[in-house]
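Examining the three-dimensional arrangement
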Amino acid sequence: SNLGTTYFFLGDAKTALPYFLKGVKLNKRYTEGLFNCGMAYDKLEQKDSAIWYFRESIRNDSTYVSAYEQLARIKFKQDRDTAAAFDLMHLAARKKPDSDVPWNDIALFYLDLRDTAASAAAMEMAAKVNPSNVTRLYNLAIYYQRHGNGEKYSYYDSLYMEQGKKQKAKQEEQGNDQ
């Protein structure tokens, strides 16, 4: 499947697909292979096959967030089925509670719907899961500052400053090691 991945990232999904399918044929429980088949079919605009492989990937490993993510993207962007997209990402968040990815996707879906308040709420959930993402903390601080919520602005601004100092110290430490 490595050769398939190479072809896929070179933009040749048609050549990549047989390699992905061979990997799945050799091991029907190969979650990443199932996912890769879904990605290739999606690039080839064979939506039904893509959906089938993403679902199989999830059936094989219910914590494989990337498959939920791609399936939700298809539901949201192509099918305009926002409820199904949100349901998938909420399910992914329950199945893999230590991942901020589902909440990031939910936030982006809400932004596409122009619901900034719901997007900020989803970003807050992502920040609870992964409080070290300084860009997200900064964005939350600015959002709440612009919306007049001084308490939340102060909270996210202080987290942003704290995490920024930690990251700077880590970078300096790594620089001294070299």
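Let me begin by describing the structure that accompanies this report. Remember, predicted model here, so these are calculated numbers, not experimental data. (Residues numbered from 1 in each chain as written. Predicted model: local features only at pLDDT ≥ 70, side-chain atom pairs only at ≥ 80, totals over all residues. Heavy atoms only, no water.)

What about the nonpolar core?
Across soluble globular proteins, you tend to see nonpolar side chains buried next to one another. With 46 residues, the main nonpolar core has Phe8, Phe54, Met89, Phe109, Leu140 and Tyr156 as its most contacted residues. Not counting residues up to four positions away in its chain, the partners in contact with Met89 are Tyr68, Glu69, Ala72, Pro102, Asp105, Ile106 and Phe109. (Core = buried A, V, L, I, M, F, W, Y, C linked by side-chain atoms within 4.5 Å. Buried < 20%, exposed > 50% of the residue type's maximum accessible area, 1.4 Å probe, protein only. Contact = heavy atoms within 4.5 Å.)

Let's talk about the packing of aromatic side chains
Taken as a whole and assessed by the stated rule, the structure comprises 15 aromatic pairs. On the numbers, 5.5 Å between centres and 20° between planes, the contact of Tyr41 with Tyr53 is stacked. Taken together, the positions of Tyr41 in helix H3 (residues 31–43) and Tyr53 in helix H4 (residues 47–60) put the pair 12 residues apart, joining distant regions of the chain. The exposure classification of Tyr41 matches that of Tyr53, with both residues buried. Ring geometry for Phe86 against Tyr110: centres 4.5 Å apart, planes inclined by 35°, an arrangement best described as tilted. Of this pair, Phe86 sits in helix H6 (residues 82–95) while Tyr110 sits in helix H7 (residues 101–112), and the two are 24 residues apart along the sequence. Taken together through their ring pairs, the aromatic side chains of Phe76, Phe86, Phe109 and Tyr110 make up a single cluster. (Phe/Tyr/Trp six-rings, centres within 6.5 Å; stacked < 30°, edge-to-face > 60°. Helix = DSSP H or I, 4+ residues; strand = E, 2+ residues; numbered from the N terminus.)

Thoughts on the environment of Cys37
Tracing the backbone shows Cys37 in helix H3. C-alpha of Cys37 to C-alpha of Thr63: the two residues are 26 residues apart in sequence and 18 Å apart in space. Every residue in contact with Cys37, bar those within four places of it in the chain, is listed here: Leu17, Phe20, Leu21, Val24 and Tyr53.

Digging into the side chain of Asn60
With respect to the element layout, Asn60 can be found in helix H4. Here the side chain of Asn60 touches Arg29 through a polar contact of 2.6 Å, landing on its backbone oxygen. In terms of polar contacts, Asn60 uses its side chain to reach the side chain of Thr31, at 2.3 Å. (Polar contact = N/O pair within 3.5 Å; in protein donor to acceptor, adjacent residues only side chain to side chain.)

Examining helix H9 (residues 134–146)
If you check H9, its first and last C-alpha atoms are 18 Å apart, about what 13 residues at 1.5 Å a residue would give, namely 18 Å. All of the buried residues in H9 are Val134, Arg136, Leu137, Leu140, Ala141, Ile142, Tyr143 and Tyr144. The opening residue of H9 is Asn133, an N-cap whose side-chain oxygen sits 3.2 Å from the backbone nitrogen of Thr135. Gly148 sits one or two residues past H9 and shows a positive phi near 75°. (Expected span 1.5 Å × (residues − 1).)

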